[in-house]
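Structural overview for review
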Amino acid sequence: MQVPKITLDNNGNIASITTRRTTCTHAHARKGALLKATVPALIRHHKYVLMMPNNGYDNDEEGKGITATFESAYRIYHQIMDVKAQHGITGFDFPLMTLYLTDLITPDIVEQIARSKFVFAIKSYPAHGGTTNSGHGIPFDEMSIDVIKAMIRCNVQLLVHAEDVHDKHGRSIDFEDREGHCVEHRLRPFREKYPDLRIHGEHASTIQMFELMEEDKTGKTTLGVTPHHMFLNREALTKSNGNLARNMPYLKGPEHQEKAIDVVTSGNPNVDAGSDHAPHPYRLKHPGLKLEEAACGCSLPHAHAMYAKVFLDRNALDHRYIEFTALRGPKRFGLPLPAEDDVITIHADSVNDIPDPTPVPEESDKVAHLGWTEDPMHPDRMKIGYAI
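Values in this document were obtained by computation on a predicted structure and should not be read as measured data.

1. With respect to the pattern of salt bridges
Under the criterion given, the structure shown has 20 salt bridges. Here Arg153 makes a salt bridge to Glu111, at a shortest N to O gap of 2.9 Å. Here Glu111 lies in helix H3 (residues 107-115) and Arg153 lies in helix H4 (residues 145-154), a separation of 42 residues in the sequence. With relative accessibility at 27%, the residue Glu111 sits in the partly exposed group.

In structure tokens, the structure reads:
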């Protein structure tokens, strides 16, 4: 299948979209009860999911809630594979694990990653306060030159959450400006200093980040793009369910949103679908909290219905959609592509397009998904029109 198959109803409206099995290049499995509750919906329609290393683990490195060693990555990998087996999920192959950039990363570890069949990249995080479990590692521009040389030699990717929490004078940077500040003051000089290093900017959300990628004609600068940074802008944070849309990087203004849509739907080969699915218990996201008190992260089991709607609205639901959602992720990591008959189907559905919250019985809680409202008729409820 080179382009999605679209079926129409009797009125000539789209009834379903069938496409190659997708890959998500950015998600958070979390830990314990939250992992067991939310991973089934995350993996069921994907072939691979790249798991970020700030998920947390009960016995992780120094209790920091990070995955910084092969041993902790291996434990989480098997928890996910156990969930796959328990739920009889057959289309999903396996999670791609990542390690948090700390002083535990050495040239030997880089070489081990290059040989590994389950750890695929190294992830850099902002300073403390930048996002969930951030501030426990080494800034990307303070990495050992020996580690950087090893990453270049071994073709190991550096994944970057590119946001600055403070400027060089220690002043706090507004949420909306953090990515742009990091790109212009740190990531661009780093990119220029090490042109042969493969750098992947996670959840790109600003014109500055997209332009950095476009300026690099070597293809060594790539980006992941979420559905919410294309589907929504900062206005969503002002709504009654805005806490469910609070994530890092923050939703931006319309000009940044349009840039993201333009680049992604253009067929640019250096962007792929990293949803940044990041579930939190509802007690940390409910509307009774002030926005700045709500946990950062969106639950996105419906991500690929949102991606499909973005491409539909730009008349780009063709080979560009399949490349972005299904092929570029596996290609990035040298993995087998989904077979042409390995497909998933997205249905036209204006009732169930925002999934019901996922129960987390062990915590007597639930996970509410991006766009959800308790009243299904509430005007603030997000409207996709398609369900997966």
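2. Some remarks on the sheet that holds strand E6 (residues 119-124)
Strand order in the open sheet made by the 8 strands is E3-E4-E5-E6-E7-E8-E9-E10, with parallel pairing throughout. Two strands in the sheet have a free side with no partner beyond their single neighbour: strand E3 (22-27) and strand E10 (271-273). Across the sheet, the mean angle separating the axes of adjacent strands is 25 degrees when strand polarity is ignored. Alignment of strand E7 (residues 157-160) against strand E8 (residues 199-201), held across 3 bridges, turns out to be parallel. Bridged to Val160 within E8 is Gly201. Lying on the sheet, H3 is in contact with strand E5 (94-100) and E6; it crosses E6 at an angle near 135 degrees.

3. So, the packing of helix H5 (residues 178-193) against helix H6 (residues 207-215)
Where H5 meets H6, the closest approach of the two axes is 9 Å, and the angle between their N-to-C directions is 20 degrees. Viewed along their axes, H5 and H6 adopt a mutual orientation that is roughly parallel. From H5, Glu179, Gly180, Val183, Glu184, Leu187, Arg188 and Arg191 reach across to H6, where they touch Gln208, Met209, Leu212 and Glu215. For the contact of H5 with H6, the residue count by class is 4 nonpolar, 2 polar and 5 charged.

4. Points about the packing of helix H1 (residues 32-43) against helix H2 (residues 70-86)
Two elements in contact, H1 and H2, have axes separated by 9 Å at closest approach and are oriented at 60 degrees. When the interaxial angle is binned, H1 and H2 end up oblique. Viewed along their axes, H1 and H2 form a crossing whose handedness is right-handed. Contacts between H1 and H2 involve Gly32, Leu35, Lys36, Val39, Pro40 and Ile43 from the former and Ile76, Gln79, Ile80, Val83 and Lys84 from the latter. The residue makeup of the contact of H1 with H2, split by class, is 7 nonpolar, 2 polar and 2 charged.

5. Observations regarding H2
Residues separated by three or four positions in an α-helix point in the same direction, a consequence of the helix having 3.6 residues per turn. In this model, H2 (17 residues) spans 24 Å end to end at C-alpha, consistent with the 24 Å of a helix rising 1.5 Å per residue. Among the residues of H2, those classed as buried are Phe70, Ser72, Ala73, Ile76, Tyr77, Ile80, Val83 and Lys84. The buried residues of H2 all sit within an arc of 165 degrees when viewed along its axis, so they share a single face. Exposed and facing more than 90 degrees away from the buried side of H2 are Glu71, Ala85 and Gln86. Next to the buried residues of H2 lie H1, strand E4 (46-51), E5, H3 and E6.

6. Concerning the nonpolar core
Residues Met51, Val110, Met151, Leu158 and Phe190 are the most contacted members of the largest nonpolar core, which totals 107 residues. When residues in this core are grouped by element, the largest group, 8 residues, is from helix H9 (residues 303-313). Residues in contact with Leu158, not counting those within four places in the same chain, are Leu101, Ile122, Ser124, Phe140, Met143, Met151, Phe190, Leu197, Arg198, Ile199 and His200.

7. Here we look at the packing of aromatic side chains
Taken as a whole and judged by the stated rule, the model has 13 aromatic pairs. For the pair Phe140 and Phe190, a centre-to-centre distance of 5.2 Å together with 70 degrees between the ring planes defines the contact as edge-to-face. Of this pair, Phe140 sits in the loop between E6 and H4 while Phe190 sits in helix H5, placing them 50 residues apart in sequence. As far as burial versus exposure is concerned, Phe140 and Phe190 are alike and both buried. These aromatic residues form a ring-pair network of at least three members: Phe70, Tyr74, Tyr77 and Phe118. In this arrangement the basic side chain of Lys366 is found over the ring face of Tyr282, its NZ or CZ atom lying 4.8 Å from the centre.

8. With respect to the sheet that holds strand E14 (residues 386-387)
Spatial ordering of the open sheet is given by E1-E2-E11-E14, a layout of 4 strands whose pairing is antiparallel. If you trace the sheet from one side to the other, it starts and ends with strand E1 (5-8) and E14, each paired once.

9. Quick word on H3
Along H3, the residues that are buried comprise Ile109, Val110 and Ile113. Summarising the axial view, the buried residues of H3 lie within an arc of 105 degrees, below the 170-degree limit, and thus occupy one face. For H3, exposure combined with an orientation more than 90 degrees from the buried face picks out Asp108 and Arg115. Looking at the packing, one finds that the buried side of H3 touches H2, E5, E6 and H4.

Rules used in this analysis
Think of each chain on its own: its residues are numbered from 1, step by step along the sequence as written. Per-residue local features are limited, in this predicted model, to residues with pLDDT of at least 70; the limit for side-chain atom pairs, both in listing and counting, is 80 or more; totals at the level of whole chains, interfaces and linings are taken over all residues. Think of the side-chain values as coming from all heavy atoms in the structure, minus any hydrogens and water. Here a salt bridge means any side-chain nitrogen of Lys or Arg lying within 4 Å of a carboxyl oxygen belonging to Asp or Glu. Only runs of H or I of at least four residues qualify as helices and only runs of E of at least two qualify as strands under DSSP, and these elements are numbered from the N terminus. Throughout this description, buried means an accessible area under 20% of the type-specific maximum (1.4 Å probe, protein chains only), exposed means over 50%, and partly exposed covers the range between. Note on pairing: DSSP must find at least two bridges between two strands before they are called paired. Orientation is described by lines fitted to C-alpha atoms, with helices fitted over the stretch in contact, and by angles between N-to-C directions that extend from 0 to 180 degrees. Throughout, a contact is declared for two residues whenever any of their heavy atoms are within 4.5 Å. Oblique is the label for any angle not covered by the other classes, which are roughly parallel (under 35 degrees), roughly antiparallel (over 145) and roughly perpendicular (65 to 115). Any residue that is not Ala, Val, Leu, Ile, Met, Phe, Trp, Tyr, Cys, Pro, Asp, Glu, Lys or Arg is counted as polar, Gly included; the first ten are nonpolar and the last four charged. Two helices cross in a left-handed way if the nearer one is turned anticlockwise from the farther one by less than a right angle. They cross in a right-handed way if the turn is clockwise. Expected helix span is given by 1.5 Å per residue-to-residue step, counting one fewer step than there are residues. The arc in question is the one spanned by the directions pointing from the helix axis to the C-beta atoms. Only buried Ala, Val, Leu, Ile, Met, Phe, Trp, Tyr and Cys residues count toward a nonpolar core, and they belong to the same one when joined by side-chain atoms within 4.5 Å. Classification of ring pairs rests on two measures: the distance between centres of Phe, Tyr or Trp rings, Trp counted by its six-membered ring, which must be within 6.5 Å, and the angle between planes, read as stacked under 30 degrees, edge-to-face over 60 and tilted in between. Here, a charge over a ring means that NZ of Lys or CZ of Arg falls within 6 Å of the ring centre while also lying within 35 degrees of the ring normal.

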